[in-house]
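Single-letter residue listing:
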Amino acid sequence: MKRKLLAVLLILGVVFSMGASKKKDDEKKRMGIFLSNFTELGMYEFDLEEDGPDEILHLGDSYNMGELIRFGIGHNIINNKKLIQKCKRDDCEFGSSTIAKESVAASVRKYFDLSVKHQKVLGDAPEIDYDGKLYHFNKKDWDSDTIYYCDVQEVNKGKNFITMEGELYELDNPKHRPATFRAKAKPYKWNNKNTWAILSLSVEWTE
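Owing to the predicted nature of the structure, the values given are computational and were not obtained by experimental measurement.

Procedures and definitions
- Residues numbered from 1 in each chain as written.
- Predicted model: local features only at pLDDT ≥ 70, side-chain atom pairs only at ≥ 80, totals over all residues.
- Heavy atoms only, no water.
- 1 Å grid on protein atoms, 1.4 Å probe; cavity = no way out; pocket = protein on both sides within 12 Å on 5 of 7 lines; lining within 4 Å.
- Points joined across faces, edges and corners; volume = space filled by probe spheres on them.
- Nonpolar A, V, L, I, M, F, W, Y, C, P; charged D, E, K, R; others polar.
- Pairing = 2+ DSSP bridges.
- Helix = DSSP H or I, 4+ residues; strand = E, 2+ residues; numbered from the N terminus.
- Disulfide = S-S within 2.5 Å.
- Buried < 20%, exposed > 50% of the residue type's maximum accessible area, 1.4 Å probe, protein only.
- Expected span 1.5 Å × (residues − 1).

**Student:** Would you take a moment to explain the layout of surface pockets for this structure?
**Tutor:** Vacant regions in the atomic arrangement are exposed by a probe of water-molecule size rolled over the atoms. In this structure, the largest pocket spans a volume of roughly 400 Å³. Taken together, 23 residues make up the lining of the largest pocket; nearest its centre are Glu40, Leu41, Gly42, Asp141 and Trp142. Broken down by class, the residue content of the lining of the largest pocket amounts to 13 nonpolar, four polar and six charged.

**Student:** What's the story with the pairing of strand S6 (residues 134–137) in this structure? I'm lost.
**Tutor:** Bridge count between strand S4 (residues 97–100) and S6: four bridges; the pairing is antiparallel. Its bridge partner lying in S6, serine 97 is registered against phenylalanine 137. Relative to S6, strand S5 (residues 129–130) runs antiparallel, the two being bridged by two bridges. Residue pairing for S6: aspartate 129 is matched across the bridge by histidine 136. From the end of S5 to the start of S6, which pair antiparallel, there are three residues, and glycine 132 there has a positive phi angle of about 100°.

**Student:** Explain the state of the cysteines here, please?
**Tutor:** Covalently bonding the sulfur atom of one cysteine to the sulfur atom of another cysteine gives a disulfide. All told, the structure shown has one disulfide when counted by the stated rule. At a sulfur-sulfur separation of 2.3 Å, the disulfide partner of cysteine 87 is cysteine 92. The sign of the -95° torsion about the S-S bond sets the cysteine 87-cysteine 92 disulfide as left-handed. Taking relative accessible area as the criterion, cysteine 92 reaches 24% and is therefore assigned partly exposed.

**Student:** What should I look at first to understand helix H2 (residues 65–79) in this one?
**Tutor:** Residues three or four positions apart in an α-helix share a direction because the helix packs 3.6 residues into each turn. Look at H2: 21 Å from first C-alpha to last across 15 residues, which is about the 21 Å you get at 1.5 Å a residue. With twelve of 15 residues buried, H2 lies mostly within the body of the structure. Looking only at H2, the buried set comprises Met65, Gly66, Leu68, Ile69, Arg70, Phe71, Gly72, Ile73, Gly74, His75, Asn76 and Ile77.

In structure tokens:
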């Protein structure tokens, strides 16, 4: 009887361990998808601070608001194509595509937990016009020959934030992994679903 009970307990332990392992793997995949929303747009070095080292993009600085707007547009070009509409103006100087300001603000809020101060984005490409309701742009300006995604391999959870580490891999060639990354995010609810809001991301290229 004791042997049978021990066997049952061992089986239950294996099943529980397998279930816990699968849950961790599923969470890492979700984290990889979350972080890939940034790397697919070429965002590799940033934080939400107002200032700091020059080599890092500081999105807490109002001067960099344009980068948040570029993210909000680029994210939807890739992931929510139905939100991109054709420009209806006679003169579409900045490109033939538009998106509602609300969609840009929602994407920035979802991934950064930051608000957008709507404005034109001029100077560095891609340039974006803003008419008070819509952003006007050329969606081809967000095209990239190489897109990198994130493979999360290590996760450490603190009281108010988590850190994620792993490798970047090329979308069209997953075996090509030219960089490692380290990201920091906070637990966050979006549309009543548990997710994360990014706090920082850094990449170290190994080739």
